[in-house]
Amino acid sequence: EKPANIDANTGTILNNQGEPFKISTVKTYSDIDKSYAKDKINILAQYGIVLPGEKFNPKEKINQRDFLYLLAKANAPYFEVDNENDALYTYVIRAGIIKADERAPEKIVTKEEGIKYIIRALKYDEIADLNEIYKDLFKDTKDIDPKLKGYVSIAYGLRIVEGAGGKLNPKAELKREDGANMIYNYLFRGK
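Residues numbered from 1 in each chain as written. Predicted model: local features only at pLDDT ≥ 70, side-chain atom pairs only at ≥ 80, totals over all residues. Heavy atoms only, no water.

Notes on the overall build of the chain
Scanning the chain from terminus to terminus reveals seven helices and two strands. Counting helices and strands in the order they occur from the N terminus, the chain gives β-β-α-α-α-α-α-α-α. Since a compact globule built from 191 residues should have a radius of gyration of about 16 Å, the 17 Å found for the chain is in line with a globular shape. Pairs at least 24 apart in sequence give 62% of the contacts found in the chain among residues at least 6 apart. (Helix = DSSP H or I, 4+ residues; strand = E, 2+ residues; numbered from the N terminus. Rg over C-alpha atoms; globule rule 2.2 N^0.38 Å. Contact = heavy atoms within 4.5 Å.)

Examining the confidence of the model for the chain
Detailed reading of predicted coordinates is not advised where the pLDDT is low. Taken over all residues, the pLDDT of the chain has a mean of 90, while the share at 70 or more is 95%. When pLDDT is averaged over each element of the chain, helix α4 (residues 111–121) comes out on top at 97 and strand β1 (residues 5–6) at the bottom at 86. (pLDDT = per-residue confidence, 0-100.)

Overview of the pattern of salt bridges
Within this structure, the stated rule accounts for 13 salt bridges. Asp33 is the partner of Lys38 in a salt bridge, and the nearest nitrogen-oxygen pair spans 3.3 Å. Residue classification places Asp33 among the exposed residues on the basis of a relative accessible area of 59%. Two residues, Asp86 and Arg103, come together in a salt bridge whose shortest N-O distance is 3.1 Å. Note that Asp86 is positioned in helix α3 (residues 85–94) and Arg103 in the loop between α3 and α4, a separation of 17 residues in sequence. Judged by relative accessible area, which is 52%, Asp86 ranks as exposed. (Salt bridge = Lys/Arg side-chain N within 4 Å of Asp/Glu carboxyl O. Buried < 20%, exposed > 50% of the residue type's maximum accessible area, 1.4 Å probe, protein only.)

Brief notes about the packing of helix α2 (residues 64–75) against α4
Between α2 and α4, the shortest axis-to-axis distance is 11 Å and the interhelical angle comes to 25°. Judged by the angle between their axes, α2 and α4 are roughly parallel. Judged by the sense of rotation from one axis to the other, the crossing of α2 with α4 is right-handed. Residues Gln64, Phe67, Leu68, Leu71 and Asn75 of α2 form the contact with α4, whose own contacting residues are Gly114, Tyr117, Ile118 and Ala121. Looking at the contact of α2 with α4 residue by residue, the class counts come to six nonpolar, three polar and no charged. (Axes fitted to C-alpha atoms, helices over the stretch in contact; angles between N-to-C directions. Parallel < 35°, antiparallel > 145°, perpendicular 65-115°, else oblique. Left-handed = near helix turned anticlockwise from the far one by under 90°. Nonpolar A, V, L, I, M, F, W, Y, C, P; charged D, E, K, R; others polar.)

Re the packing of aromatic side chains
In this structure the tally under the stated criterion is five aromatic pairs. Relative to Phe56, the ring of Tyr29 has its centre 5.0 Å away and its plane inclined at 65°; by these criteria the two rings are edge-to-face. Of the two residues, Tyr29 sits in the loop between β2 (13–14) and α1 (38–46) while Phe56 sits in the loop between α1 and α2, which places them 27 residues apart along the sequence. Note on Tyr29: relative accessible area 8%, which makes it buried. (Phe/Tyr/Trp six-rings, centres within 6.5 Å; stacked < 30°, edge-to-face > 60°.)

Details of unusual backbone geometry
The phi dihedral of Asn57 falls on the positive side, at around 55°, and the residue is not glycine. Tracing the chain through its elements places Asn57 in the loop between α1 and α2. Here the phi dihedral of Arg159 falls at roughly 65°; this positive angle occurs in a residue that is not glycine. As for its placement among the helices and strands, Arg159 is situated in the loop between α6 (149–157) and α7 (176–187).

Here's the deal with the nonpolar core
Membership of the largest hydrophobic core comes to 52 residues, with the highest contact counts inside it found for Phe67, Leu71, Ile97, Ile115, Ile118, Ile119 and Ile183. Of all elements in the fold, only α1, α2, α3, α4, α6 and α7 reach the threshold of two or more residues within this core. Counting residues per element, this core draws most heavily on α2, at seven residues. Residue contacts for Leu71: discarding those within four places in its chain leaves Ile97, Tyr117, Ile118, Ala121, Ile183 and Tyr186. (Core = buried A, V, L, I, M, F, W, Y, C linked by side-chain atoms within 4.5 Å.)

See the structure below:
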């Protein structure tokens, strides 16, 4: 449960950024009792996939920075960012999760954008970009950005997202609980 990086001079365990590793405690949020994703948010917290602060604010819309932070923590458990956008964006751009021109920390993430980031984190974007090979899965498939049809199809097939009443509602802005739900499904797909 600890990183394997050790300072050769002092024997101190280091995180992935070369700084002393801190043993983390499981974070609890005081405001998730009424969230449909309460259990998933708590499980993510057990793995250290948490947002800064004492409250999760599950009903608030999730911005790109917070969504990408959760995704980065899911991909690299020892990833640490003390609210520094540059370190986070450097990581997610290098990992291929977003492109440099997509950087918009305060932008609210839509469902299809969240899907795109997750599929890129899985390294399935090359396959997802072959969007002409995917069939229409939802009644509102026409509302999906045509360039993201493959991303949505793969995410649906992997049970990362699901529709409601036969619709995906791809342009819906994600709430923080929705983002946590997608990240959980990404990590524990098929389980």
